[in-house]
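# Examining the three-dimensional arrangement
So the chains spell out like this:
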There are 2 protein chains.
Amino acid sequence: MNGAESLVHTLLKSGVDTCFANPGTSEMHFVGALDRIPGMKCVLGLQENVVTGMADGYYRIARKPASTLLHCGPGLANGMANLHNARRARAGIVNIVGDQATYHRPYDAPLTADTEGMARTVSHWVRTSSHASQVGRDAAAAVQAARAISGQIATLVLPADASWSQGGIVAEPLAVAVAPPIDPHAVENAARILRSNKNVLMLLADQATLAQSQRLAWRVARATGADLLASYTNAHMARGRGRLQLERVPYGTDAAIQALSRYEHIILVNANPPVGFFAYPGKPSTHYPSNAQIHVLSRHDQDSDAALQALVDELGAPEVALPDPGPRPEAVGGAPTQEGLALALAALMPEHSIVSNESISFGRDFYKLTHAAPAHDWLNLGGGAIGDGLPVSTGAAVAGGGDRRVISLQADGSAMYSLQSLWTQAREKLPCTTILLNNRKYNILIGEYQNVGAVPGPTAMGMLDLSNPDLDWVQLANGMGVEAARAITLEECADLMKQSFRQPGPFLIDLII
Amino acid sequence: MNGAESLVHTLLKSGVDTCFANPGTSEMHFVGALDRIPGMKCVLGLQENVVTGMADGYYRIARKPASTLLHCGPGLANGMANLHNARRARAGIVNIVGDQATYHRPYDAPLTADTEGMARTVSHWVRTSSHASQVGRDAAAAVQAARAISGQIATLVLPADASWSQGGIVAEPLAVAVAPPIDPHAVENAARILRSNKNVLMLLADQATLAQSQRLAWRVARATGADLLASYTNAHMARGRGRLQLERVPYGTDAAIQALSRYEHIILVNANPPVGFFAYPGKPSTHYPSNAQIHVLSRHDQDSDAALQALVDELGAPEVALPDPGPRPEAVGGAPTQEGLALALAALMPEHSIVSNESISFGRDFYKLTHAAPAHDWLNLGGGAIGDGLPVSTGAAVAGGGDRRVISLQADGSAMYSLQSLWTQAREKLPCTTILLNNRKYNILIGEYQNVGAVPGPTAMGMLDLSNPDLDWVQLANGMGVEAARAITLEECADLMKQSFRQPGPFLIDLII
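What counts, and at which threshold
- Residues numbered from 1 in each chain as written.
- Chains lettered and ligands numbered in written order.
- Predicted model: local features only at pLDDT ≥ 70, side-chain atom pairs only at ≥ 80, totals over all residues.
- Heavy atoms only, no water.
- Helix = DSSP H or I, 4+ residues; strand = E, 2+ residues; numbered from the N terminus.
- Buried < 20%, exposed > 50% of the residue type's maximum accessible area, 1.4 Å probe, protein only.
- Polar contact = N/O pair within 3.5 Å; in protein donor to acceptor, adjacent residues only side chain to side chain.
- Contact = heavy atoms within 4.5 Å.
- Least-squares fit on C-alpha atoms with pLDDT ≥ 70 in both.
- UniProt positions renumbered as here; feature names shortened; annotations may be inferred.
- Buried area = accessible area lost by both parts, 1.4 Å probe.
- Salt bridge = Lys/Arg side-chain N within 4 Å of Asp/Glu carboxyl O.
- Nonpolar A, V, L, I, M, F, W, Y, C, P; charged D, E, K, R; others polar.
- Core = buried A, V, L, I, M, F, W, Y, C linked by side-chain atoms within 4.5 Å.
- Domains from an automatic or database assignment.
- Pairing = 2+ DSSP bridges.
- Right-handed = clockwise from strand over helix to strand, strands pointing away.
- Expected span 1.5 Å × (residues − 1).
- Phe/Tyr/Trp six-rings, centres within 6.5 Å; stacked < 30°, edge-to-face > 60°.
- Lys NZ or Arg CZ within 6 Å of the ring centre and 35° of its normal.
- Axes fitted to C-alpha atoms, helices over the stretch in contact; angles between N-to-C directions.

## A look at the side chain of Ser 123 of chain A
Residue and element names in this part refer to chain A.
- Note on placement: Ser 123 falls in the loop between α6 (115-120) and β5 (125-128).
- With a relative accessible area of 13%, Ser 123 lands in the buried category.
- At 2.6 Å, the side chain of Ser 123 forms a polar contact with the backbone oxygen of Ala 119.
- A distance of 2.7 Å separates a polar atom in the side chain of Ser 123 from a polar atom in the side chain of Thr 155.
- If we skip the residues at most four places from it in the chain, Ser 123 touches Ile 153 and Thr 155.

## With respect to the relation of the copies chain A and chain B
- For the pair chain A and chain B, the relating rotation is 180°, the translation along its axis is 0.0 Å, and the fit reaches an RMSD of 0.0 Å. Such values leave the two copies arranged in the relation of a two-fold axis.
- A shared interface surface links the copies, since 100% of the contact residues of chain A are contact residues in chain B too.

## Brief notes about the UniProt feature "domain: Thiamine pyrophosphate enzyme N-terminal TPP-binding" (unreviewed entry) in chain A
- Here, the residues flagged by UniProt with the feature "domain: Thiamine pyrophosphate enzyme N-terminal TPP-binding" (unreviewed entry) are residues 1-106 of chain A.
- The span residues 1-106 of chain A is 49% helical and 20% strand by assignment, and the distance between its end C-alpha atoms comes to 27 Å.

## Considering the interface of chain A and chain B
- Residue-level contacts link 98 residues of chain A with 98 residues of chain B.
- Summed over both partners, the interface of chain A with chain B comes to about 7,900 Å²; 63% of that surface belongs to carbon and sulfur atoms.
- Counting every contact that joins chain A to chain B gives four salt bridges.
- Salt-bridge contacts for Asp 108 of chain A lead to Arg 88 of chain B; the nearest nitrogen and oxygen are separated by 2.8 Å.
- The interface formed by chain A and chain B contains 45 residue pairs in polar contact (both at pLDDT 80 or more).
- By residue number, the principal contributor to the side of chain A that touches chain B is helix α2 (residues 28-36) of chain A, which donates six residues.
- Broken down by class, the residue content of the side of chain A that touches chain B amounts to 51 nonpolar, 34 polar and 13 charged.

## What about the nonpolar core?
- In terms of nonpolar packing, the biggest core is built from 116 residues, with Leu 7, Phe 30 and Trp 473 of chain A together with Leu 7, Phe 30 and Trp 473 of chain B touching the most fellow members.
- Setting aside its immediate chain neighbours within four residues, Phe 30 of chain B contacts Ala 4, Leu 7, Val 8, Leu 11, Leu 69, Ile 96 and Ser 163 of chain B.
- Within the second largest apolar cluster, 66 residues are counted, among which are Ala 119 of chain A together with Phe 20, Ala 77 and Ile 153 of chain B.

## Some details on the domain arrangement of chain A
All names here are of chain A.
- Here chain A is partitioned into domain 1 (3-164), domain 2 (184-315) and domain 3 (338-512).
- Of note, the centres of domain 1 and domain 3, computed from C-alpha atoms alone, are 29 Å apart.
- Listed as interface residues are 25 residues of domain 1 and, on the opposing side, 27 residues of domain 3.
- Buried area between domain 1 and domain 3, both sides added, is near 1,800 Å², and the carbon and sulfur share of it is 68%.
- Inspection of the domain 1/domain 3 interface yields two salt bridges.
- Close ionic contact of Arg 60 with Asp 388 constitutes a salt bridge, the shortest N to O distance being 3.5 Å.
- Between domain 1 and domain 3 we count nine residue pairs in polar contact (both at pLDDT 80 or more) in total.
- Looking at the side of domain 1 that touches domain 3, the elements that each hand over two or more residues are β1 (18-21), β2 (41-44), α3 (48-62) and α5 (80-89).
- Top element by residues in the side of domain 1 that touches domain 3 is α3. It accounts for 10 residues.

## Topic: the pairing of strand β5 (residues 125-128) of chain B
Residue and element names in this part refer to chain B.
- Here β5 pairs with strand β6 (residues 153-159) via four bridges, running parallel. Considered in β6, the bridge of Thr 128 is made with Val 157.
- Following the backbone out of β5, through helix α7 (residues 132-146) and into the adjacent parallel β6, one traces a crossover that is right-handed.

## Quick word on α3 of chain A
Residues and elements named next belong to chain A.
- Between its terminal C-alpha atoms α3 stretches 21 Å, which fits the 21 Å expected from 15 residues at 1.5 Å a residue.
- Of all 15 residues in α3, 14 are buried; the element is thus mostly enclosed.
- The residue sitting at the N-terminus of α3 and contributing the capping side-chain oxygen is Gln 47; that oxygen lies 2.7 Å from the backbone nitrogen of Asn 49.

## So, the UniProt feature "domain: Thiamine pyrophosphate enzyme TPP-binding" (unreviewed entry) in chain A
- The UniProt record marks residues 370-510 of chain A with the feature "domain: Thiamine pyrophosphate enzyme TPP-binding" (unreviewed entry), using the residue numbering of this structure.
- Across residues 370-510 of chain A one finds 40% helix and 19% strand; the C-alpha atoms that close the span lie 21 Å apart.

## What to know about the packing of aromatic side chains
- Per the stated rule, a full pass over the model turns up 12 aromatic pairs over all chains.
- The interplanar angle of 80° and the centroid separation of 5.9 Å between the aromatic rings of Phe 362 of chain A and Phe 366 of chain A together place this pair among those described as edge-to-face.
- Relative accessible area serves as the criterion here: at 14%, Phe 362 of chain A is assigned to the buried category.
- By relative accessible area, which is 1% here, Phe 366 of chain A ends up buried.
- Residue placement shows Arg 239 of chain A over the ring face of Tyr 367 of chain A; its charged tip is 3.8 Å from the ring centre.
- Arg 248 of chain B extends its terminal NZ or CZ atom over the ring of Tyr 367 of chain B, reaching a point 4.6 Å from the ring centre.

## Remarks on helix α13 (residues 338-348) of chain A
All names here are of chain A.
- Most of α13 is tucked away, with nine of its 11 residues classed as buried.
- Listed as buried for α13 are Gly 340, Leu 341, Ala 342, Leu 343, Ala 344, Leu 345, Ala 346, Ala 347 and Leu 348.
- Tucked into the core, α13 has its buried residues touching β13 (376-380), β14 (406-411), β15 (432-438), α20 (490-502) and β17 (507-512).

## What to know about the pattern of salt bridges
- One pass over the full model with this rule turns up 46 salt bridges over all chains.
- Residue Asp 138 of chain B pairs with Arg 127 of chain B through a salt bridge whose shortest N-O separation is 2.9 Å. Placement of Asp 138 of chain B in helix α7 and of Arg 127 of chain B in strand β5 is noted, with a sequence separation of 11 residues between them.
- The class of Asp 138 of chain B is buried, set by a relative accessible area of 1%.
- Taking relative accessible area as the criterion, Arg 127 of chain B reaches 31% and is therefore assigned partly exposed.
- What emerges from the salt-bridge pattern is a single network uniting Asp 56, Arg 60 and Asp 388 of chain A.

## Describing unusual backbone geometry
- Cis geometry is found at the peptide bond from Asn 468 of chain A to Pro 469 of chain A, where omega equals -5°.
- Note on placement: Pro 469 of chain A falls in the loop between α18 (458-461) and α19 (473-479).
- For His 352 of chain B, which is not glycine, the phi torsion reads 65° and is therefore positive.
- Tracing the backbone through its elements, the reader meets His 352 of chain B in the loop between α13 (338-348) and β12 (353-358).

## Some thoughts on the sheet that holds β17 of chain A
Residues and elements named next belong to chain A.
- With respect to topology, seven strands assemble into an open sheet ordered β9-β13-β12-β14-β15-β17-β16, the strand pairing being mixed. Unpaired on one side and paired on the other, β9 (236-239) and β16 (483-487) mark the two borders of the sheet. Sheet twist, expressed as the mean angle between neighbouring strand axes with direction ignored, is 20°.
- Those strands touched by α3 are β9, β12 (353-358) and β13, and its axis lies near 145° from that of β13.

Encoded structure:
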């Protein structure tokens, strides 16, 4: 058995059965092993940021890591922005990065690069297998790292000779680390704060924004009068009917400061204290009042369900129904507006849809207006590196197994970073509906420029405007085998949504906004 | 004056007048300064690997660095593969990477990343300006580093507050380092080897493959009977009528070993000893005979013109005409073949064209068959990280100032990594003709897989095949504003080439091969 074969067997034994791939020469023995050993679903992406973004989306829905297959340092580099996003999303991923043979590395052939140095900037765990006999053992350790309760990026560098040499040994799965237990003093402290104060916020993030934690947090809120908010960036939130109408801290500095201004105590449930996405001259980095007390109920690597259950028990908070979000909205017509599109989405999305939101400037209000939709999962950009929307959708659809509709709310500027995702959607016949919000500019940056205090002149607009020429997303999608159509009105958009939800494969709606 | 303004003034004073950009929020003050201060040409790319690849292509033709403008660590990461290629191409680039404000970094906001750590993996020079007063000085040092005789990647990280704060100081240009002088003993030694031995190869790379060094090397070869070859990967070669018919060491291991087998002495002129692009089981890493003597006339950071002139003088090698490459070929018809397309190219390309070659498997023979074309520049993939062809073409066209036709010989698989380049070609109305070699597979990898000793099964072909669905490059180009047409025969291809050479803007020929 060669190293590559031991790798495939070990990954499968450890429960990794999906590989998002963009291989090269140094990975051919791994590709050969995948060909010979049944059980691994391999999904090709035509650029590596698509590959890593798919693995992120897959994890968020499957709640287990996939593997990637990347070619040498530069192939890893192409996928690093979405590994950054995945790290922020706390997604677990096992990257397999093929590299020069160990004995060939000193010759500094053209593709030789500081692969480990690159990997360290986006990974929690990095190792190079220097011999076939170590590959299985290292792969099991990589999966163990990736499967931590707060998912981790594990990058295994696989020199070509470790892959092709005989002596591979299949490794047994390693036990996944148990989450650090909830501190009873933290629970008691939170209960004390909640009982004796009025202006208390419980801030939820990550696992705490999924269904079970939401129900527990709502019991706490009802029993104590505390407010609940979610962090602005949560990679994965449970939403719609039967879930909590959990608002998020606003993105903008002024709005966030305003929203948090009245809280004297903030209890963090797997969340970080709210800070600005960016700094701005004369504005504070932190968005909570300087005299607010911060209390940690649970950290991101702890089990928020257990923490909130302990708090419910401590408070004796009774079972209570979640508030009703009101009737399901009806779609409205006319020119596309944020509100109108959100209502169409809420009115039309199939139950258990997955919404991947990289709508940036146009989509600020989509979230607020879709609480009364059927139960669905909502995926946000994890780390602020635009270009994760389409790949995350694609990987989420793979994890959904073809049964769950994935709806991308996708800004045009961001979509251009990883448009190759559409090809994989077509190849895998994935149930992905992309609503391409085509405003032909980096509109968020035009706003940021104006915040800086100036009207953009021709040179600035030359870097902020995406017209001249206009991008034709119908042609771009068709060119990659994805059916597409343009919509100018909300009626047209709604008709195309309905049409696409009825058919099994991908569809793109080029919505001119 | 704020830091950003001091940066723009310093770059302009140091001779950097072109900025390839993909900005974000943390760069808005730099964008503002570019807007207010005249003199910098700004070219937008819709993904960062396009931006860095354009800067590489620009350097190769302009022989001076451009600046890039990138957004935080993940924006830099997106451009790292083509920075790797540029580093291998010895292109000088000044990267400006905006980042979190210094005081905001400890809050670990979502886009915070190890920007310096990323930069180090692909840069010769990295610095973070921590205060507005340092920005000008640091920018001058960055340009100095980039302008070394062997161009370097200089990355200046610019925290948002260093950009927006007052106190910027414009810095004077710093003197570019002089190339280390040629060692007279190296010249004497090379002359001695050339006079007293028969089986001598002079191996040329980098600057030594441009016109002046070619003429000098040819005088040496004629006077001594030595052979001349170029390294396989040379980012930029002078070719066509009036230049030397300089063959390259073959790419394949067996062919390279065969081509070099008879040499007892190899004199390196700015070249490295020839080694394999990759290692293969049972084959050597080095491609020259184990008993061959390696002699260094000049290193990559020395002036090959000076080294070869000294060798010509030492040998008393007389002036001699370059060999005539024979008559200009005529285009042939029929189904597309490597030879037929190469002849069409040689027959039709305008004088002083720039050919960017990322043709991979189909294009192995293009080079050999185009010696008798008019004088032109030939650009190769520098570092083996595919996806540089279209961006390099685009940047080269910017450097060509609109007067020089750029012809991309572009494999389809590689093109998909950075297809966004086409939009910039359309926006800037660049004279770029892309011949898209559409074989609908990663053909080089299918060959590599077969080298491994197996016929690809369905899982392997699922990662090597680009059909299902086919990419429609006419639609992809049109979708980004580039005129395009499909060609099935060489006649159709030749007609479209002629048509595109007559019109000022970009054109893509989707050649089904």
